[in-house]
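What follows is the residue order along each chain.
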Amino acid sequence: MKFSTKAIVMGQEPDSATHSAITPIYQTSTFVREDISKPQSFEYSRISNPTRHALEVCVASLEEGNYGISFASGIAAEHAIVSMLRPGDHVIAPEDMYGGTYRLFTQVMEPMNIEFSFIDASNLEEIQSAFKPNTKMVWLETPTNPLLKIFDIEAIAEISHKNNALLVVDNTFATPFFQKPLLLGADIVVHSTTKYINGHSDVIGGIVITNDAHLNQSISMYQKSIGAIPGPFDAWLTLRGVKTLAIRMRQHEENAWAVATFLKDHQKVEAIFFPGFDTHPNHHIAKKQMTGFGGLVSFKLKGGYAEVKTFFEKLKIFHLADSLGGVESLVNYSTKMTHESFPVHLKQKLGISENLIRISTGIEDKEDLIADLKQALE
Ligand SMILES: *Cc1c(COP(=O)(O)O)cnc(C)c1O
């Protein structure tokens, strides 16, 4: 079965009790046991719930994974993964990653004696030399936020496995429509389903996907023991969103191309970051491991804070907000928003400057998006 079909079919058989065509919202905390001696597949909703189960089966199938374990947020999903680590273990992670993940690692995990090395993941030699005898995990996020760097998943999976470490890939930006890390050698994929998977900016959620039965068992144990699960209604909304993932991603990408092409040649634009351009430093890796370049575009406006402020104030269709991947177009001011808590030296090193703007292109008509950018730039 192919991608768009799976999104609509997998985990979504007509309901066994009522033949309801759409997976019902099983808004219940518990299930009545029919026979005292017979455990049932659904007994208590922290452990499992049919609506949540349908979502897990569906998204896992899109990632070519056997197991999906969903969570109340992307960060809760990430927390379940790093909960497998033990004091004294070491993790290699890229220096440019989602600000909330960086906070989880440095504020929650480091005080519990988990050690992190933040490295430039585009440099394979730097990754190789970061391994220590206690390295258990390599964490990757590609494309990165907000500079849209692309890291070579296949090459990094090989290095990780040679060093007996697991490779985790945060696939939130690309989605399985454009990139399937498990097929490139990753052991675990994680998503903030808040973004493209749900796609309508109305749910916070996360999911972990793997093909390894043992990893599934461990992470499922943390899911039920820590209890950061999505409620049935959030699971249902996300499942409803995921049905249109393929057509949304096509439109997001088409609009991103249009916006990036318009901005590239504009006199008020100092630099543009879009992995689809062959001038992008990692374009060749993107072409190798992705089937499309996604819906995000970042750029540097000529000038500084004052120019950026005016630009944001003039925009009418694009709203200034955190988050991305929804049907509506958003702009984000990384240095003061998503990366506010990032150390200044890392922001400087990476180029998260005062004039950097990240765009999440929605699925509106691209002519309207360009007209809006044009009038705000002028
Ligand atoms: C948003 C995001 C997260 C965190 O997910 P939440 O659903 O907000 O908890 C993690 N990684 C990436 C790449 C994100 O964009």
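Quick notes on the rules
- Residues numbered from 1 in each chain as written.
- Predicted model: local features only at pLDDT ≥ 70, side-chain atom pairs only at ≥ 80, totals over all residues.
- Heavy atoms only, no water.
- Helix = DSSP H or I, 4+ residues; strand = E, 2+ residues; numbered from the N terminus.
- Buried < 20%, exposed > 50% of the residue type's maximum accessible area, 1.4 Å probe, protein only.
- Contact = heavy atoms within 4.5 Å.
- Areas by Shrake-Rupley, 256 points an atom, 1.4 Å probe, with all protein chains shown as cover.
- Lys, Arg positive; Asp, Glu negative; His and termini not counted.
- Charge placed at Lys NZ, Arg CZ, Asp CG, Glu CD.
- 1 Å grid on protein atoms, 1.4 Å probe; cavity = no way out; pocket = protein on both sides within 12 Å on 5 of 7 lines; lining within 4 Å.
- Points joined across faces, edges and corners; volume = space filled by probe spheres on them.
- Nonpolar A, V, L, I, M, F, W, Y, C, P; charged D, E, K, R; others polar.
- Axes fitted to C-alpha atoms, helices over the stretch in contact; angles between N-to-C directions.
- Left-handed = near helix turned anticlockwise from the far one by under 90°.
- Near = heavy atom within 4 Å.
- Polar contact = N/O pair within 3.5 Å; in protein donor to acceptor, adjacent residues only side chain to side chain.
- Sits in = over half its atoms within 2 Å of the grid points.
- Pairing = 2+ DSSP bridges.

A. Structural view of the overall build of the chain. Summing up its helical and strand segments, the chain has 14 helices and 12 strands in all. By principal-axis analysis of the C-alpha atoms, the chain measures approximately 75 × 50 × 35 Å. When the 378 residues of the chain are sorted by exposure, 56% land in the buried category. Nonlocal contacts in the chain, meaning residues at least 24 apart in sequence, comprise 72% of its contacts between residues at least 6 apart. Surface summary for the chain: the accessible area is close to 16100 Å², and the carbon and sulfur share equals 54%. The positive charge centre, built from 34 side chains, and the negative charge centre, built from 43, are 1 Å apart in the chain.

B. Structural view of empty space enclosed by the protein. Counted according to the given criterion, the structure contains 2 cavities of 30 Å³ or more. When its volume is computed, the largest cavity comes out at roughly 50 Å³. Contributing to the lining of the largest cavity are 13 residues, with Leu-55, Phe-71, Thr-193, Gly-205 and Pro-230 lying nearest its centre. Of all the elements in the fold, those that place two or more residues in the lining of the largest cavity are β1 (67–71), β7 (206–210) and α9 (232–242). It is α9 that contributes the most residues to the lining of the largest cavity, 3 residues altogether. Classifying every residue of the lining of the largest cavity gives 7 nonpolar, 5 polar and 1 charged.

C. Representation of the packing of helix α2 (residues 50–62) against α9 within the structure. Contact geometry of α2 with α9 gives a least axis separation of 8 Å together with a crossing angle of 35°. Note on packing geometry: the crossing formed by α2 with α9 is left-handed. Residues Thr-51, Arg-52, Ala-54, Leu-55, Cys-58, Val-59 and Leu-62 of α2 touch α9, and the partners they reach there are Pro-232, Ala-235, Trp-236, Thr-238, Leu-239 and Val-242.

D. Structural context of the site of the ligand. The ligand sits among 14 residues. The nearest are Ile-75, Asp-170, Ser-192, Thr-194 and Lys-195. The side chain of Asp-170 places a nitrogen or oxygen atom 2.7 Å from a nitrogen atom of the ligand. Contact with the protein chains hides 93% of the accessible area of the ligand, taken as 380 Å² for the molecule alone. Structurally, the ligand is housed in the largest pocket.

E. Layout of the sheet that holds β7. Here 7 strands make up an open sheet; going across it, the order is β1-β7-β6-β5-β4-β2-β3 and the pairing mixed. Both edges of this open sheet fall to β1 and β3 (115–119), since each of them pairs with a single strand only. Across the sheet, the axes of successive neighbouring strands diverge by a mean angle of 20°, strand direction being ignored. With 3 bridges joining them, strand β5 (residues 166–170) and strand β6 (residues 188–192) adopt parallel strand pairing. Within β6, the residue paired with Asp-170 across the bridge is Val-190. Lying over the sheet, helix α4 (residues 99–109) contacts β2 (90–94), β3 and β4 (135–141), oriented at roughly 145° with respect to β3. Of the strands in this sheet, β4 and β5 are in contact with helix α6 (residues 153–162), which crosses β5 at around 150°.

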